[in-house]
Amino acid sequence: MAQNTQLLTLNNGHKMPMIGIGTWQASDAEIEVAIEAALEAGYRHIDTASRYGNEKAIGRVLTRWLDSGKVKREELFIVTKLPLNANAPSDVEPIIKKSLADLQLDYVDMFLIHTPFTLMASEDGGVKRDEQGLAIPDLRTNHAATWVEMEKLVANGLAKSIGVSNFDQEQVGRLLKTAKIRPATNQIEHHVYLQQKELVDFCKAEGIAITAYAPLGSKGLAKFNAGCGIVRELPDLMDVPEIKEIAAAYGKTPAQVLLRWIVDTGVIAIPKSTNPERLKQNLDIFDFKLTDEEVAKLVKLDQNFRIFNFASHHGAERHPEFRFKNEFTS
C-alpha cells in the first residue's frame, strides 16, 4: 500500500509525512505487530529513539518489508534521537551508528537531540543517580558543539535531516546563531491542552517544522510515572466535551479530530498506538475539515498543561538547560 498521508516540505527540501507512528513504551512483541500493521495501513513515518529500546524490533520489521520489496527505502521516513545521557559531541557518531545497526539501515531521515539538558550516564547505560536517588546533571552540555557533530552526519550521509526536541524558544534561537544547518524540526509536546503558540509561531517563522508528540495526550504515562513513585492525575483528551461534540458531528473519533486540528495548523503529529484499528483511524483524517468556529473552540481549550514534565528524572531540574515546570521546580 502506498503512503496514506500528506507531506510537509522541510527547510532542506526533504518531505516529511505529517502523520507518523510514535513508538515509546511498547514491548518488542507489541512494536513488531504495531509497525507491521502501521506499514500495512500506509504509515511511512516511524519515530523512535535509542532510549526507547525498540530499534532492533523496528529494524526487523523494516528489513522484512525492504527485502520483500513491499516498500522502498526512499518511501520511508525514519526518525531517531540522541539520548539525554549521551549528547556530548563525542557521543553523536557512535550513537547514530549503533541506532543504524539496530535499525538495519544505512541512514535515518531525521536525527534529533532528544532533550536540551544532559544527565550523567550510569555504567549500565541508564541515568546515574546520587545517594538520594536523584538524577545527576551533566553540566558540560554544549548545544553548539554537539550541533557541529550533528551537521557532520548530514555531510557523511548518516542522516538526511537533523533537528532538536524539547527545546524552548531561547534554546532554538541560541542554536540558530551558530548553526550552519538549521534544525529541520523541533519535536515538542503539543496538543489542545498544551498549544505552546509562541514557540510554534517562532519555529515556523524560522522555517523549523514542529512535530507534535503526545498529540492525543498519553494515558500510558500515568503508569510509567507510578513506577517512578509519581502520582499525578492526567487529562483524558478523548473525553473533553467540546472534542466529543465535534467528533460526533463528523462521524469521527475524538482522536481523529485532535489530529486533524494539528495537521490543519501545519504541524506534524506522531500519535502512538499498537492497536491496528486505531492505527488506521489515526491516518484516516483527510476526508473532513474543521470550520473556523470549531478550530477557535479547540484553541480555547489551551491550559498550558504539560503531560511530560520530566518529573520522572527528578534531579534533572538542577541542570541550567532544564526549562520544564514540575513539582520539583521552584
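Coordinates for the structure precede this section.
Note that the structure is predicted; figures quoted are calculated from it, not measured. (Residues numbered from 1 in each chain as written. Predicted model: local features only at pLDDT ≥ 70, side-chain atom pairs only at ≥ 80, totals over all residues. Heavy atoms only, no water.)

Undergrad: What should I look at first to understand the overall build of the protein in this one?
TA: Of the regular secondary structure elements, the protein holds 11 helices and 10 strands. Its C-alpha radius of gyration of 19 Å places the protein within 12% of the 20 Å reference for a compact globule of 330 residues. Viewed in the frame of its principal axes, the protein has a C-alpha envelope of about 55 × 50 × 40 Å. Buried positions account for 55% of the 330 residues belonging to the protein. (Helix = DSSP H or I, 4+ residues; strand = E, 2+ residues; numbered from the N terminus. Rg over C-alpha atoms; globule rule 2.2 N^0.38 Å. Buried < 20%, exposed > 50% of the residue type's maximum accessible area, 1.4 Å probe, protein only.)

Undergrad: It is not clear to me how the side chain of Glu151 should be interpreted in this structure. Could you clarify?
TA: Relative to the elements of secondary structure, Glu151 occurs in helix H4 (residues 143-155). The buried charged residue Glu151 lacks any salt bridge, with Lys180 as its nearest oppositely charged partner at 5.9 Å. Setting aside its immediate chain neighbours within four residues, Glu151 contacts Ile162, Ala179, Lys180 and Ile181. (Lys, Arg positive; Asp, Glu negative; His and termini not counted. Salt bridge = Lys/Arg side-chain N within 4 Å of Asp/Glu carboxyl O. Contact = heavy atoms within 4.5 Å.)

Undergrad: Mind showing me how you'd approach the sheet that holds strand S9 (residues 209-213) here?
TA: Think of a sheet as strands paired side by side through backbone hydrogen bonds, with each pair either parallel or antiparallel. The parallel open sheet is built from 8 strands, whose spatial order is S3-S4-S5-S6-S7-S8-S9-S10. Since the sheet does not close on itself, it has two edges, and those belong to strand S3 (21-22) and strand S10 (268-269), each with one partner. Sheet analysis places S3 next to strand S4 (residues 45-47), joined by 2 bridges and oriented parallel. Its bridge partner being in S4, Gly22 is matched across the sheet by Asp47. (Pairing = 2+ DSSP bridges.)

Undergrad: Sorry if this is basic, but what is going on with helix H6 (residues 197-205) here?
TA: It helps to recall that an α-helix has 3.6 residues per turn; residues three or four apart then point in one direction. All buried positions along H6 are accounted for by Leu199, Val200, Phe202 and Cys203. Projected down its long axis, H6 carries its buried residues within an arc of 165°, all on one side. Pointing more than 90 degrees away from the buried face of H6 are the exposed residues Lys197, Glu198 and Ala205. Phi for Gly207, located one or two positions after H6, is positive at around 80°. (Arc of directions from axis to C-beta.)

Undergrad: Explanation requested: the pattern of salt bridges in the structure shown.
TA: Working definition: two side chains of opposite charge can pair if their charged atoms are close together. Summed over the entire model, instances satisfying the criterion amount to 25 salt bridges. Between Asp109 and Arg73 there is a salt bridge; the shortest N-O distance is 2.9 Å. Taken as a pair, Asp109 in strand S6 (residues 108-113) and Arg73 in the loop between helix H2 (55-68) and strand S5 (77-82) lie far apart in primary sequence, 36 residues in all. Arg73 carries the same exposure label as Asp109, and that label is buried. We note a salt bridge from Glu170 to Arg323, for which the minimum N-O separation is 3.1 Å. Taken together, the positions of Glu170 in helix H5 (residues 169-176) and Arg323 in the segment after helix H11 (292-299) put the pair 153 residues apart, joining distant regions of the chain.

Undergrad: Explain the packing of H5 against H6 here, please?
TA: The packing of two helices is summarised by the inter-axis angle and the distance between the axes. Where H5 meets H6, the axes come as close as 10 Å, and the angle between the chain directions of the two elements is 20°. Compared by their axis directions, H5 and H6 come out roughly parallel. Pair H5 / H6 crosses with left-handed handedness. Residues Gln169, Val172 and Gly173 of H5 lie in contact with H6, whose contacting residues are Glu198, Leu199, Phe202 and Cys203. Its residues assigned to classes, the contact of H5 with H6 comprises 4 nonpolar, 2 polar and 1 charged. (Axes fitted to C-alpha atoms, helices over the stretch in contact; angles between N-to-C directions. Parallel < 35°, antiparallel > 145°, perpendicular 65-115°, else oblique. Left-handed = near helix turned anticlockwise from the far one by under 90°. Nonpolar A, V, L, I, M, F, W, Y, C, P; charged D, E, K, R; others polar.)

Undergrad: Even after reading the chapter, I still don't get the packing of aromatic side chains, so can you show me in this structure?
TA: Geometrically, a pair of aromatic rings is defined through the distance of the ring centres and the angle of the planes. Counted by the stated rule, this structure contains 9 aromatic pairs. Between the aromatic rings of Phe117 and Phe324, the centroid separation amounts to 6.3 Å while the plane-to-plane angle is 75°, which identifies the pairing as edge-to-face. Of the two residues, Phe117 is situated in the loop between S6 and H4 and Phe324 in the segment after H11; the sequence distance between them amounts to 207 residues. Accessibility classification places Phe117 together with Phe324 in one group, the buried group. Between Tyr250 and Phe288, the ring centres sit 5.1 Å apart and the planes meet at 45°, which makes this aromatic pair tilted. Taken together, the positions of Tyr250 in helix H8 (residues 241-250) and Phe288 in the loop between helix H10 (276-283) and H11 put the pair 38 residues apart, joining distant regions of the chain. Over the face of the ring belonging to Tyr107 we find Arg73, whose NZ or CZ atom lies 4.0 Å from the ring centre. (Phe/Tyr/Trp six-rings, centres within 6.5 Å; stacked < 30°, edge-to-face > 60°. Lys NZ or Arg CZ within 6 Å of the ring centre and 35° of its normal.)

Undergrad: What is the right way to look at the nonpolar core in this model?
TA: A general tendency of soluble globular proteins is for nonpolar side chains to be buried together. Core analysis: the largest hydrophobic core is formed by 76 residues, its most contacted members being Phe111, Met150, Val192 and Leu298. If sequence neighbours within four positions are ignored, Phe111 has contacts with Thr80, Lys81, Leu82, Val92, Ile95, Ile96, Met150, Leu153, Ala159, Ser161, Ile162 and Gly163. (Core = buried A, V, L, I, M, F, W, Y, C linked by side-chain atoms within 4.5 Å.)

Undergrad: Where do I start with helix H9 (residues 254-264) in this structure?
TA: Burial analysis of H9 places 9 of its 11 residues in the buried class, which makes it a mostly covered element. Within the sequence span of H9, burial applies to Ala255, Gln256, Val257, Leu258, Leu259, Arg260, Trp261, Ile262 and Val263. On the buried face of H9, the contacting elements are S9, H8, S10, H10 and H11. Remark: Gly266 follows H9 within two positions and exhibits a positive phi of approximately 80°.

All quantities given are derived from atomic positions and should not be read as evidence of function.
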